[in-house]
Amino acid sequence: MTLDALLRAMDRRDEVFRMIEDSENEDEARRRVGQLLGVGELGSRAVLDLQV
């Protein structure tokens, strides 16, 4: 599940970066990234925990 979220994030990295930048806080970013990628909280946390 986490690996799937990371792969999806890499495929849509520009959109993911925009979602994170446009979010007011980490909770909103996690929710929006999860919705964008169609993954749960664990997957969206893994994406946000990446240090890119």
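Positions within a chain are numbered from 1, following the residues in the order the chain's sequence is written. Residues qualify for local features only when their pLDDT is at least 70, as the model is predicted, and side-chain atom pairs are given and counted only at 80 or more; totals for whole chains, interfaces and linings, by contrast, use all residues. Side-chain measures here rest on the full set of heavy atoms in the structure, leaving out hydrogens and waters.

J.: What is the right way to read the overall build of the chain from this model?
T.: A run of H or I in DSSP becomes a helix once it reaches four residues, and a run of E becomes a strand once it reaches two; helices and strands are each numbered from the N terminus. Broken down by element type, the chain carries four helices and zero strands. Along the chain, from the amino end to the carboxyl end, the secondary structure elements read α-α-α-α. Radius of gyration means the value over C-alpha atoms here, while the globule rule gives 2.2 Å times the residue count to the 0.38 power. Since a compact globule built from 52 residues should have a radius of gyration of about 10 Å, the 9 Å found for the chain is in line with a globular shape. Dimensions of the chain, computed from the C-alpha atoms along their principal axes, are close to 25 × 20 × 20 Å. Per-residue burial over the chain gives 29% buried out of 52 residues. Pairs of residues are marked as contacts when any of their non-hydrogen atoms sit within 4.5 Å. If you take every contact in the chain between residues at least 6 apart in sequence, the share linking residues at least 24 apart comes to 44%. The method behind every accessible area is Shrake-Rupley, applied with a 1.4 Å probe, and residues are considered shielded solely by the protein chains displayed. Roughly 3,800 Å² of accessible area belongs to the chain as shown, and the carbon and sulfur atoms make up 47% of that amount. Charged residues are defined here as Lys and Arg on the positive side and Asp and Glu on the negative side; His and the ends of the chain fall outside this count. By convention, charge coordinates are those of NZ in Lys, CZ in Arg, CG in Asp, or CD in Glu. Within the chain, one finds 8 positive and 12 negative side-chain charges whose respective centroids are separated by 3 Å. Residue exposure (1.4 Å probe, protein chains only): buried if accessible area is under 20% of the type maximum, exposed if over 50%, otherwise partly exposed.

J.: What is the right way to look at the environment of Asn-25 in this model?
T.: Along the chain, Asn-25 turns up in the loop between helix H2 (13-22) and helix H3 (26-37). For the pair formed by Asn-25 and Gly-38, sequence separation is 13 residues and the distance between their alpha carbons is 20 Å. A distance of 2.8 Å separates a polar atom in the side chain of Asn-25 from the backbone nitrogen of Glu-28. In protein, a polar contact means a hydrogen-donor-capable atom and an acceptor-capable atom, both N or O and within 3.5 Å, with residues adjacent in sequence counting only if both atoms are side-chain atoms; elsewhere, any N or O pair within 3.5 Å suffices.

J.: Just to check I follow, could you spell out the pattern of salt bridges for this structure?
T.: Two side chains with opposite charge may pair up if their charged atoms get near one another. Any carboxyl oxygen of Asp or Glu that lies within 4 Å of a side-chain nitrogen of Lys or Arg is treated as forming a salt bridge with it. Within this structure, the stated rule accounts for seven salt bridges. Note that Arg-12 and Glu-15 form a salt bridge whose closest N and O atoms lie 2.9 Å from each other. For Arg-12, a relative accessible area of 32% gives the class partly exposed. Here the residues in one salt-bridge network are Glu-26, Asp-27, Arg-30, Glu-41 and Arg-45, joined through shared partners.

J.: I would appreciate a short explanation of the side chain of Arg-30 in the present structure.
T.: Along the chain, Arg-30 turns up in helix H3. The class for Arg-30 is buried, based on a relative accessible area of 10%. With residues up to four places along the chain from it excluded, the contact list for Arg-30 reads Glu-41, Ser-44, Arg-45 and Leu-48.

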